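Below, each chain spelled out in residue letters.
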Amino acid sequence: MARSRQPLIAGNWKMNGLRADALALARGVAEGVKQAGWTDREVLVCPPATLLMAVAEAVKGSGVLVGGQDCHSNASGAHTGDISAEMLRDAGASHVIVGHSERRTDCGETDATVRAKAEAAWRAGLLPIVCIGETLAEREAGRTLQVLETQIKGSVPAGATAAKLVVAYEPVWAIGTGKTPTVAEVAAVHAHIRKILGGLMPDANVVRLLYGGSVKGSNAGELLAAGDVDGALVGGASLKADEFLAIAKAA
Ligand code: PGA
């Protein structure tokens, strides 16, 4: 189990990667992590579900962790096209991202859906990374903190503890845009998130809070050094082993 607030650098490959490229990427990350020999941080890759087993096999023994990008809330059944948390676990995953803004938007996922998925992750023995974040319109309307509070209260299941939960703050307007909040803004929002979580769990002071949205090698150092930031959820920059390793190094 991860130590208290041990940095977690998570790569979300999204819907990218055919077998050859994905395995080369996985091997590149595995090689870099093995060489670095980090014991003070965790590195996670979340490939598309079709590649989970192959990636898990490719990174075996390197210390690189593997996760899913989503799961269904049920363990099995008549849900064509869906994948359960148990299946992810069976394929070699230890983590699962739930409630990413792309799924909230593309698939109409609500806080209640996300919460059920986080509970499914627990049921299957996976660590859920619950994503929250405001849109540009919400930010411009000055509603960021209020939106995050609603998402946290709706998406984090009862019974959460620091060992069973990771929260990723990803401002929707920062995802894939090259824009990020300032370091001071990230620190302030993360402090607020930790405070809200304090009302829901006994040890929110040590729960890991990741920042996500246009993290790359060149800005990772300052973003990861911000108060209350315990790692990063990385999209585009996780598709290049060198760039992703540079972020992990900055942690
Ligand atoms: P990005 O995506 O790093 O490409 O901005 C982050 C995410 O969506 O997790």
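All values reported here derive from a predicted model rather than from experimental measurement. (Residues numbered from 1 in each chain as written. Predicted model: local features only at pLDDT ≥ 70, side-chain atom pairs only at ≥ 80, totals over all residues. Heavy atoms only, no water.)

**Here we look at the overall build of the protein chain**
On a plain count of helices and strands, the protein chain comes out with 10 helices and eight strands. Taken over the C-alpha trace, the protein chain has a radius of gyration of 17 Å; the compact-globule value for 251 residues is 18 Å, and the two agree within 12%. Taken along its principal axes, the extent of the C-alpha atoms in the protein chain is 45 × 45 × 30 Å. When the accessible surface of the protein chain is totalled, it reaches about 10900 Å², and 53% of it is carbon and sulfur. (Helix = DSSP H or I, 4+ residues; strand = E, 2+ residues; numbered from the N terminus. Rg over C-alpha atoms; globule rule 2.2 N^0.38 Å. Areas by Shrake-Rupley, 256 points an atom, 1.4 Å probe, with all protein chains shown as cover.)

**Quick word on the sheet that holds strand β7 (residues 208-212)**
Ordered by their spatial adjacency, eight strands build a closed barrel running β1-β2-β3-β4-β5-β6-β7-β8, and the pairing between neighbours is parallel. With direction set aside, neighbouring strand axes in the sheet form an average angle of 25 degrees. Bridge count for strand β3 (residues 65-68) against strand β4 (residues 95-98) is two bridges, and the pairing is parallel. Among the inter-strand pairings, G68 is bridged to a residue of β4, identified as V96. (Pairing = 2+ DSSP bridges. Axes fitted to C-alpha atoms, helices over the stretch in contact; angles between N-to-C directions.)

**Let's talk about the nonpolar core**
V29, V55, L165, I193 and L197 are the most contacted members of the largest nonpolar core, which has 68 residues in total. Tallying contributions element by element places helix α1 (residues 19-36) first for this core, with seven residues. Contact partners of V55, with chain neighbours within four places excluded, come to W13, L23, A26, V45, P47 and V66. L44, I97, C131 and V166 belong to the second-largest nonpolar core, a separate cluster that totals 12 residues. (Core = buried A, V, L, I, M, F, W, Y, C linked by side-chain atoms within 4.5 Å. Buried < 20%, exposed > 50% of the residue type's maximum accessible area, 1.4 Å probe, protein only. Contact = heavy atoms within 4.5 Å.)

**Topic: the site of the ligand**
In the vicinity of the ligand, 13 residues are found, and the nearest of them are K14, H100, E170, G176 and S214. With respect to the ligand, the side chain of K14 contributes an N or O atom lying 2.7 Å from an oxygen atom. Look at the ligand: alone it shows 280 Å² of surface, and the protein chains cover 95% of it. Looking at side-chain class alone, the shell around the ligand contains four nonpolar, seven polar and two charged residues. (Near = heavy atom within 4 Å. Polar contact = N/O pair within 3.5 Å; in protein donor to acceptor, adjacent residues only side chain to side chain. Nonpolar A, V, L, I, M, F, W, Y, C, P; charged D, E, K, R; others polar.)

**With respect to helix α5 (residues 111-124)**
Taking 1.5 Å as the rise per residue, α5 with 14 residues should run 20 Å; its terminal C-alpha atoms sit 20 Å apart, in good agreement. On its buried face, α5 is in contact with α3 (85-90), β4, α4 (101-106), β5 (127-132) and α7 (144-155). (Expected span 1.5 Å × (residues − 1).)

**Quick look at the layout of surface pockets**
Roughly 460 Å³ of internal volume is contained in the largest pocket. Surrounding the largest pocket, 20 residues form its lining, K14, M15, Q69, D70 and R103 being those nearest its centre. At three residues, the largest contribution of residues to the lining of the largest pocket is made by α4. Residue composition of the lining of the largest pocket, grouped by class: nine nonpolar, five polar and six charged. (1 Å grid on protein atoms, 1.4 Å probe; cavity = no way out; pocket = protein on both sides within 12 Å on 5 of 7 lines; lining within 4 Å. Points joined across faces, edges and corners; volume = space filled by probe spheres on them.)

**Details of the pairing of β7**
In terms of burial, β7 is largely enclosed, as five of its five residues are buried. Every second residue of β7 is oriented toward a common face, with R208, L210 and G212 on one face and L209 and Y211 on the other, all of them buried. Judged from the four bridges that link them, strand β6 (residues 166-169) and β7 form a sheet pairing that is parallel. Residue pairing across strands places V167 opposite L209, the latter belonging to β7.

**A closer look at the environment of V166**
Along the chain, V166 falls in strand β6. By relative accessible area, V166 is classed as buried at 0%. When the C-alpha atoms of V166 and Q151 are compared, they prove to be 14 Å apart, with 15 residues separating the residues in sequence. Residues within four places of V166 in sequence aside, it is in contact with L8, L127, P128, I129, V130, R208 and L210.

These figures come from the coordinates and say nothing about function on their own.
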